[in-house]
Each structure stands twice: as structure tokens, then as C-alpha cells.
Amino acid sequence: MTLAVEGLDAGYGKLAILHEVSLSVAPGEIVTVVGSNGAGKTTLLRALNGLIRPTAGAVTIDGVDITGKPTEKMAALGLTHVPENRLCFPTLSVRDNLMLGAWSRGGKGDLAAVLELFPRLQPRLGQAAGTLSGGEQQMVAIGRGLMAAPKAIMLDEPSIGLAPKVVAEIMKVLTELRGRGMAVLLVEQNVRASFGIADRAVVMQRGRVVLEGTPAELVELPEVRNAYLGGAAA
Ligand SMILES: Nc1ncnc2c1ncn2[C@@H]1O[C@H](COP(=O)(O)OP(=O)(O)OP(=O)(O)O)[C@@H](O)[C@H]1O
């Protein structure tokens, strides 16, 4: 499904954070949103997912306006959100954490398909999620989102704090999901990793989209290289 926002304004109470944000993600596409701390990336995902109500603009799924619909409704429509900080329920087993993701489908989820994507979780199904490594917890968080059999997935900084090898594993799974026709919206601070897999990238600054293009186009820009790639050519 195609997920789009057009002219979105959103914030917290009277505090306006997002200003006229527009972007779209098509089926079989990875779009990455990058930007410095406080640029509004997390707020964008919250507004998309119905956690905060936009004050202007529209969120659409395949052209149907879903602005301000509650999160459960978004999940039922096929949109899943993997929030930052790899939220797991630490005392619940890996299996129970994953099964929670199937809640919106009446407890029916394809656990085998998730384990195929994240084979490391298979031998750990009975283990408390809190005892997993950071990378494995991130896999549980993504896997839980996938248990709802979404058509679009939004991820908030899945690579944060993880070793490069684990980041690569997670990025590979996202390319696999793209290959299955899912729309993937990836918020990342790890620009090198997200540009490595994204079809298009959006740069946000102070709540606005300031640049948009393919990763190859954006890395040509000195301001992008200096701000996000340590000045080096990618
Ligand atoms: N619950 C909240 N209440 C009030 N202000 C908030 C809230 N959450 C975030 N903000 C503010 O919104 C602005 C954008 O924050 P946001 O988390 O969306 O940025 P970000 O680009 O995701 O940054 P980071 O990469 O650090 O997570 C910041 O100024 C932040 O202080």
C-alpha cells in the first residue's frame, strides 16, 4: 500500500513541531527520513500512526484519508510502527512478545515467517526478552510488528546502539520486506546504513522537509556529506 502525508502540521499541545511535511512511500519502496536530533522525525511517525493528531494536512493510505485515526485502526489497515528504543516486555518470553503483535489479528500471526527472517530468535523463544542482546531485542520489536502481517512498516532508529554487523542484518531484513512489496519508512540517524538500502531519502530540519532525492543524489551535496557522513563521500 502507498502511505502518504501531505502538508502535515503536528506538535504537542501548543508546541508546533512539524510544518507542511509531505512525503510518500510506495509498495516495494524504502524511504528513509534523516535529520539531526530534534528535527521532528519521531514526531512525524507518531503523527502518521495516530499517536498524535495532526493540526493540518492529511495522512492517506492508498489515497484514503486516515488523518487522526487511532493507532489500532492504523494497525487494522495494515500499517505497523516499530517505535524507538526497541520496546520489549522484558519479563515476557520472546514468543509472547512476538505473539502480542498478532493481537490486532485475533492472535493469528505467522510466527514461522518471522523466525525465518530472524533465525536467531528461534532458539530463544522461551527466554525472557529482557535477557536478549540489544540487537536481538530490536529483532523482537520488528518481528512483533511483522506478526500483524502489515503492508507498510515504519521504524524509528532501529540501528541505534547496535554493532555494524547487527545493523547490516537488520538492513538486510528491510530489503527482504521491500522485495515482498511492503512499503518501508525508515527513520535513521545512521545515514550510511539507511542510504545503503533506501530508494529515496528525505532530510528534515526543524520540523520541515528540506531535501529529498535518491541517496546517490543526496550524497553529492556537500551539506549532506558534512552533516551526516562526516564529510566523506559515501
Ligand atoms: N511528548 C512531547 N512533548 C513535548 N515536546 C516534545 C515531545 N516529544 C518530542 N518533543 C519535542 O519535539 C521536537 C522534535 O522531537 P522528535 O523526537 O520528533 O525529533 P527527532 O528528529 O526524532 O529527534 P531524535 O533523533 O533525537 O529522536 C523536539 O524539540 C522535542 O523536544
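These numbers were taken from a predicted model, which means no experiment stands behind them.

Definitions and limits used
Residues numbered from 1 in each chain as written. Predicted model: local features only at pLDDT ≥ 70, side-chain atom pairs only at ≥ 80, totals over all residues. Helix = DSSP H or I, 4+ residues; strand = E, 2+ residues; numbered from the N terminus. Rg over C-alpha atoms; globule rule 2.2 N^0.38 Å. Buried ≥ 20, exposed ≤ 12 C-beta atoms within 10 Å, placed from the backbone. Contact = placed C-beta atoms within 7 Å. UniProt positions renumbered as here; feature names shortened; annotations may be inferred. Near = placed C-beta within 6 Å. Nonpolar A, V, L, I, M, F, W, Y, C, P; charged D, E, K, R; others polar. Domains from an automatic or database assignment. Pairing = 2+ DSSP bridges. Axes fitted to C-alpha atoms, helices over the stretch in contact; angles between N-to-C directions.

1. Some remarks on the overall build of the chain
Counting secondary structure elements, the chain contains nine helices and 10 strands. For 234 residues, the compact-globule formula gives about 17 Å, and the C-alpha radius of gyration of the chain, at 17 Å, lands near that figure. For the chain, the residues scored as buried account for 43% of the 234 residues in total. Within the chain, counting contacts between residues at least 6 apart in sequence, those at least 24 apart form 67% of the total.

2. What about the UniProt feature "domain: ABC transporter" (unreviewed entry) in the chain?
Under the local residue numbering, the UniProt record ascribes the feature "domain: ABC transporter" (unreviewed entry) to residues 3-231. In this annotation, residues 3-231 is assigned 33% helix and 27% strand; the end-to-end C-alpha distance for the span is 32 Å.

3. Topic: the site of the ligand
Surrounding the ligand, one finds Tyr12, Leu15, Ile17, Gly35, Asn37, Gly38, Ala39, Gly40, Lys41, Thr42, Thr43 and Gln189. Where the shell around the ligand is concerned, the elements lending two or more residues are strand 2 (15-25) and helix 1 (41-48). For the shell around the ligand, the element with the most residues is helix 1, which contributes three residues. A class-by-class count of the residues in the shell around the ligand yields four nonpolar, seven polar and one charged.

4. What about the domain arrangement of the chain?
For the chain, the assigned domains read domain 1 (1-78 + 151-234) and domain 2 (86-149). Taking only C-alpha atoms, the centre of domain 1 and the centre of domain 2 are 23 Å apart. Of the residues lining the interface, 13 residues belong to domain 1; the matching set on domain 2 comes to eight residues. It is helix 6 (residues 164-179) that provides the largest number of residues to the side of domain 1 that touches domain 2, a total of four residues. Considering only residue class, the side of domain 1 that touches domain 2 consists of 10 nonpolar, one polar and two charged.

5. Considerations on the pairing of strand 9 (residues 200-205)
Relative to strand 9, strand 3 (residues 29-34) runs parallel, the two being bridged by four bridges. Note on strand 9: the bridge partner recorded for Val31 is Arg200. The pairing of strand 9 with strand 10 (residues 208-213) spans five bridges and is antiparallel. The partner of Gln205 across the bridge, within strand 10, is Arg208. The hairpin turn running from strand 9 into strand 10, its antiparallel successor, is two residues long, and Arg206 in that turn takes a positive phi close to 45 degrees.

6. Details of the sheet that holds strand 4 (residues 56-61)
Pairing is antiparallel across the open sheet formed by four strands, whose spatial order is 2-1-4-5. Looking along the sheet, the strands with just one partner apiece sit at the ends: strand 2 and strand 5 (64-65). Sheet topology places strand 1 (residues 3-12) next to strand 4; five bridges connect them, and they run antiparallel. Looking at the pairing, Glu6 lines up with Ala58 of strand 4.

7. Quick notes on the sheet that holds strand 9
Here six strands make up an open sheet; going across it, the order is 6-7-8-3-9-10 and the pairing mixed. Each edge of the open sheet carries a strand with a single partner, namely strand 6 (79-82) and strand 10. Each strand of the sheet is rotated relative to its neighbour by a mean of 15 degrees, with strand direction disregarded. When strand 3 meets strand 8 (residues 183-187), the two strands line up parallel, connected through five bridges. When the bridges of strand 8 are listed, Thr32 appears paired with Leu186. Docked against the sheet, helix 1 engages strand 3, strand 6, strand 7 (152-156), strand 8 and strand 9, running at close to 150 degrees with respect to strand 7. Relative to strand 8, helix 6 is tilted by about 150 degrees, and along the sheet it contacts strand 3, strand 7 and strand 8.

8. Considerations on unusual backbone geometry
Here the phi dihedral of Glu20 falls at roughly 50 degrees; this positive angle occurs in a residue that is not glycine. Position of Glu20 relative to the elements: it lies in strand 2. Owing to 14 C-beta atoms within 10 Å, Glu20 belongs among the partly exposed residues under this scheme. With a phi close to 50 degrees, Glu157 is a non-glycine residue in the positive phi region.

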